[in-house]
Amino acid sequence: MVSPNTDLSYDSKIEGNVVPTTLDSAINWIRNNSMWPMPMGLACCAIELMASGGSRFDIARFGAEVMRFSPRQADCMIVAGTVTYKMAPQVRRIYDQMAAPKWVIAMGACASTGGMYRSYATLQGVDRIIPVDVYVSGCPPRPEALLDALLKLQKKVGQERSASRLLTA
């Protein structure tokens, strides 16, 4: 007589507590809803960055309200403002100190392309020293633009293959 395998049988007590999904989807959902940005406010765009954390725009609705000022605790760097050649090594060093996975948002025309500063002292885009995932246009961009960039970044993170990265690391 064959007895049924009770380990693989259906248990009606846990029916409502089981969600079938992939490991990538679960990891990406967690990363999307707990993004910890590090504000790298270098110029006037930093004022708009601070405004996005206020009650009027409330970046907390998107799971990114925990601004971390330590690179080891952040996973998303928001470079807001003009990056000078004098400041560029420090920006790179802070990016290198962030734990992987990490993402970058270039906020404003100056961070993206150097903006109106075509001088020997201004870096013509922060993507020359660190990889940028999302660019925010404007001078300075409104907080809504930063929130839109955050949504785009969350969409990008949601499409990554996280599980294979974790297993190979």
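**Student:** For the sheet that holds strand β4 (residues 134-136), give the residues involved together with the corresponding values.
**Tutor:** Read from one edge of the open sheet, 4 strands run β1-β2-β3-β4, paired in parallel fashion. Looking at strand neighbours, the two that pair on one side only are β1 (37-41) and β4, the edges of this open sheet. The average angle at which neighbouring strand axes cross in this sheet is 20 degrees, direction not considered. Pairing of strand β2 (residues 76-80) with strand β3 (residues 103-107), which is carried by 5 bridges, proceeds in the parallel orientation. Its bridge partner lying in β3, Ile78 is registered against Ile105.

**Student:** I'd like to hear about the pattern of salt bridges, residue by residue, with values.
**Tutor:** A full pass over the atoms with the stated rule returns 4 salt bridges. The partner of Arg142 in a salt bridge is Glu144, and the shortest N-O contact between them spans 3.3 Å. Classification of Arg142 as partly exposed rests on a relative accessible area of 46%. Of the charged contacts, one joins Lys152 and Asp148 as a salt bridge, the two residues approaching to 3.3 Å between their closest N and O atoms. Taken together, the positions of Lys152 and Asp148, both in helix α5 (residues 143-158) and 4 residues apart, correspond to about one turn of that helix.

**Student:** Tell me about the nonpolar core, and please be specific about residues and values.
**Tutor:** In this structure, Met35, Ile78, Ile105, Met107, Leu150 and Leu153 are the most contacted members of the largest nonpolar core, which totals 21 residues. Elements with a minimum of two residues in this core: α2 (45-52), β2, β3, β4 and α5. The contacts of Met35, once residues within four sequence positions are left out, are Gly63, Ala64, Asp75, Cys76, Trp103, Leu150, Leu153 and Val157. Counting residues in hydrophobic clusters, the runner-up holds 18 residues, among them Met38, Met77, Val83 and Met98.

**Student:** Kindly report on the state of the cysteines, identifying the contributing residues and their values.
**Tutor:** Inspection of the entire model under this criterion finds 0 disulfides. Its sulfur unpaired, Cys44 is 4.9 Å from the next cysteine sulfur, which belongs to Cys45. Judged by relative accessible area, which is 46%, Cys44 ranks as partly exposed. Just so you know, Cys139 is unpaired, no disulfide at all, and the nearest cysteine sulfur is the one on Cys110, 5.3 Å from it.

**Student:** Lay out the side chain of Glu160 with the relevant residues and their values.
**Tutor:** Tracing the backbone through its elements, the reader meets Glu160 in the loop between α5 and α6 (162-168). With relative accessibility at 16%, the residue Glu160 sits in the buried group. Those residues in contact with Glu160 that sit more than four places away from it in its chain are Asp24, Asn28, Arg31, Trp103 and Arg165.

So, how was this worked out
Residues numbered from 1 in each chain as written. Predicted model: local features only at pLDDT ≥ 70, side-chain atom pairs only at ≥ 80, totals over all residues. Heavy atoms only, no water. Pairing = 2+ DSSP bridges. Helix = DSSP H or I, 4+ residues; strand = E, 2+ residues; numbered from the N terminus. Axes fitted to C-alpha atoms, helices over the stretch in contact; angles between N-to-C directions. Salt bridge = Lys/Arg side-chain N within 4 Å of Asp/Glu carboxyl O. Buried < 20%, exposed > 50% of the residue type's maximum accessible area, 1.4 Å probe, protein only. Core = buried A, V, L, I, M, F, W, Y, C linked by side-chain atoms within 4.5 Å. Contact = heavy atoms within 4.5 Å. Disulfide = S-S within 2.5 Å.

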